[in-house]
Every structure is written in C-alpha cells, then in structure tokens.
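Residues per chain, in single letters:
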Amino acid sequence: MGRLAIIGGTGLSQLADLKIIKSDRITTPYGVPSADFITGELNGREVIFLARHGNPHSIAPHKINYRANIWGLKQLQVENIIAVAAVGGITPDMVPAHIAIPDQIIDYSYGRKHTFFEDDSVTHIDFSYPYSQTLRSRLIHAAKQAGIQISPIGTYGCTQGPRLETAAEIKRMENDGCDLVGMTGMPEAALAKELGLNYATVSVIANWAAGKTEGEITMAEIEQNLHKGMANTAELLKAFVEKV
Ligand code: HPA
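All values derive from a computational prediction rather than experimental measurement.

*Asks:* Could you give an account of the pattern of salt bridges, with specific residues and numbers?
*Replies:* One pass over the structure, following the stated rule, counts nine salt bridges. Note that Asp 24 is salt-bridged to Lys 22, the shortest N-O span being 3.1 Å. Ionic pairing is found between Arg 67 and Glu 118, a salt bridge with its closest N-O pair at 3.4 Å. Linking Arg 67 in helix H1 (residues 66–75) with Glu 118 in the loop between strand E7 (104–107) and helix H2 (133–146), this pair joins segments that are 51 residues apart in sequence. Accessibility expressed as a relative area gives 9% for Arg 67, which makes it buried. Judged by relative accessible area, Glu 118 falls into the partly exposed class, the value being 47%.

*Asks:* An account of the layout of surface pockets is needed here, citing residue identities and associated values.
*Replies:* When its volume is computed, the largest pocket comes out at roughly 540 Å³. Lining the largest pocket are 30 residues; nearest its centre among them are Thr 10, Ala 86, Leu 164, Met 183 and Ile 222. Secondary-structure elements contributing two or more residues to the lining of the largest pocket are strand E5 (78–89), strand E10 (180–182), strand E11 (198–208) and helix H5 (219–243). The element that contributes the greatest number of residues to the lining of the largest pocket is E5, accounting for five residues.

*Asks:* For unusual backbone geometry, give the residues involved together with the corresponding values.
*Replies:* Look at the link from Asn 55 to Pro 56: it is a cis peptide, with omega at 5°. On the secondary structure map, Pro 56 appears in the loop between strand E4 (45–51) and H1. With omega at 5°, the peptide bond leading from Met 186 into Pro 187 counts as cis. Along the chain, Pro 187 falls in the loop between E10 and helix H4 (188–194). With a phi angle near 55°, Asn 43 is a residue other than glycine that sits in the positive phi range. What makes Asn 43 partly exposed here is its relative accessible area of 40%. Even without a glycine there, the phi angle at Ala 97 is positive, about 80°.

*Asks:* Could you give an account of empty space enclosed by the protein, naming the residues involved and the relevant values?
*Replies:* Counted under the stated rule, the structure contains one cavity of 30 Å³ or more. In this structure, the largest cavity spans a volume of roughly 30 Å³. Lining the largest cavity are Leu 15, Ala 16, Asp 17, Leu 42, Ala 234 and Lys 238. When the residues that make up the lining of the largest cavity are grouped by side-chain class, the tally is four nonpolar, no polar and two charged.

*Asks:* So what's going on with the environment of Asn 65? Residues and values would help.
*Replies:* Structurally, Asn 65 is set in the loop between E4 and H1. In this structure Asn 65 comes out as partly exposed when scored by relative accessible area, which is 23%. Setting aside anything within four residues of it in sequence, one finds Asn 65 in contact with Tyr 30, Gly 31 and Val 32. At 3.0 Å, the side chain of Asn 65 forms a polar contact with the backbone nitrogen of Ala 68.

*Asks:* Describe the side chain of Arg 112, with residues and values.
*Replies:* With respect to the secondary-structure elements, Arg 112 resides in the loop between E7 and H2. Notably, Arg 112 is buried but unbridged: the nearest opposite-charge side chain belongs to Asp 107, and the N-O separation is 6.2 Å. Engagement of the side chain of Arg 112 in a polar contact is seen with the backbone oxygen of Thr 159, the distance being 3.3 Å. If near-sequence neighbours (up to four positions away) are discounted, Arg 112 is found in contact with Pro 61, His 62, Tyr 66, Cys 158, Thr 159, Gln 160, Met 183, Thr 184, Met 186 and Pro 187.

*Asks:* Tell me about the pairing of E5, residues and numbers included.
*Replies:* Counting buried positions along E5 yields ten of twelve residues, so the element is predominantly enclosed. Of the pairings in the sheet, the one linking strand E1 (residues 3–8) to E5 comprises five bridges and is parallel in character. In the strand pairing of E5, Ile 7 is matched with Ala 83. Bridge analysis of E5 against E11 gives ten bridges, and the strand direction is parallel. Residue pairing for E11: Val 84 is matched across the bridge by Val 202. Two strands pair when backbone bridges link them, and E5 and E10 are joined in this way by two bridges, in the antiparallel orientation. Bridge assignment links Gly 89 to a residue of E10, and that residue is Leu 180.

Scoring rules and cut-offs
- Residues numbered from 1 in each chain as written.
- Predicted model: local features only at pLDDT ≥ 70, side-chain atom pairs only at ≥ 80, totals over all residues.
- Heavy atoms only, no water.
- Salt bridge = Lys/Arg side-chain N within 4 Å of Asp/Glu carboxyl O.
- Helix = DSSP H or I, 4+ residues; strand = E, 2+ residues; numbered from the N terminus.
- Buried < 20%, exposed > 50% of the residue type's maximum accessible area, 1.4 Å probe, protein only.
- 1 Å grid on protein atoms, 1.4 Å probe; cavity = no way out; pocket = protein on both sides within 12 Å on 5 of 7 lines; lining within 4 Å.
- Points joined across faces, edges and corners; volume = space filled by probe spheres on them.
- Nonpolar A, V, L, I, M, F, W, Y, C, P; charged D, E, K, R; others polar.
- Contact = heavy atoms within 4.5 Å.
- Polar contact = N/O pair within 3.5 Å; in protein donor to acceptor, adjacent residues only side chain to side chain.
- Lys, Arg positive; Asp, Glu negative; His and termini not counted.
- Pairing = 2+ DSSP bridges.

In structure tokens:
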C-alpha cells in the first residue's frame, strides 16, 4: 500500500502514539492548510498526520481550507487517507461513543470551495461510491481483530455548521436516508477523489442527533463520548497500520 495519511478531527488534534520524525509547513495554490503535516511512525509504519481543525483546535468546519489540506497531502505523495470525524448519531445503531465506517454521503453543505476544477467546466468525476472500498474493508477487518465494535456501513450527511441541526432537519435527513450527521465530511471526500486519492472515514459518534433525545445536546456530553470513542479510534488506527 502507498503512503498513508490520517486526518484528525475534533477530539483528535494529535496522535498520541505517533513517533514524530518531521513536520512540513506547506503552502499550496489554494492557500494555507489547517496545520503543519506531521510525518511519524505509528506502530512501525510511516504515517502523515494532519489536524483538520488546526492544532490546537481553532478552525470551524466551514472555515477549513479543505483544498489546501488535500492538495498538501497529494504534494507529500500520499495515496491513502483515513479521515477521522466526530458525528451525531441519527439511526438506532449509531450509538454515542461508538464508531461507524460510512459507505455513502449526502452533502447538505454550501458555499464551500468544493472543487479543484473550478475553471474547468468539463471535468466530472464519478462519485457513485465516495469512499474507497479497499480502505473500508481494511478498517472493518482491523476493528474485528482489535475487538472494537463498529457499524460497518452508514450514510453520512454533511451539514454546514457550525451550529448543530434542528430536530426537523434531522428528521428530514433521516427520511433522506442519513444515519450520521457531521460537518466536515464534504467537500473533503470529493476533493480526495478529484486528485485520485483513496479515502475512507472513521466516524466517531459524539451524541444523539438533535431531537433524538429529550432536551438539548450539551458540549459536556459530546466531550465525554468523544473521549471514549477516540480512545477506540486510536486502537483501531494502530491495528489498521499493522495490517497494511
Ligand atoms: N451534528 C453535526 N455534527 C456533529 C454532531 C451533530 O450532532 N455531533 C458531532 N458533530
């Protein structure tokens, strides 16, 4: 397998077990990426790590320069991306603190710089299956080997943020077929596909989505579930790199 990158999301601004080798600050034709690209070793394997929201966490979902991030990874000869992202759970299997490996996307975000082909009106990439099946299968296999329970399938709905959704918006998303809701899955996945990179997502469920429980969603609840979920994610990533 070619060079591997991990994009860390909320709750994963650093990879604790990464033995850091070097750090690259990269500028791109699309501007400045979220953070320096950290090259290191995870379980003996070379991995490039990027903190999507910056390190420390400071860039909101709608302000992330997704194009600079993906372009930077391509410049570093990355071929495979595992993107970690916090989400809300919509359907009953998507229990807080658990992990899902989604297989589909519905994009509700807007106004983001979402393509490298802005001035090229004739380039249409295929996006029928947005995530790399090979990377997904390997993640699912690694989870099994590490004894980590995951949902091996699901549709990720990407909202604009930074606010959370209304209960009615979540009801609509559920009717549309969404299992998970997050704010950063797009255009990241599509940009990776435009540059021919293999991309899959580890979704860490931080809370039940709006209207799925009584009362409001609290940051305390999100942080608590993410803490648990990210510990499992770190184990999953270590098992994943052992196998590739
Ligand atoms: N909605 C959108 N994004 C999220 C959520 C949510 O409920 N939880 C974590 N990221």
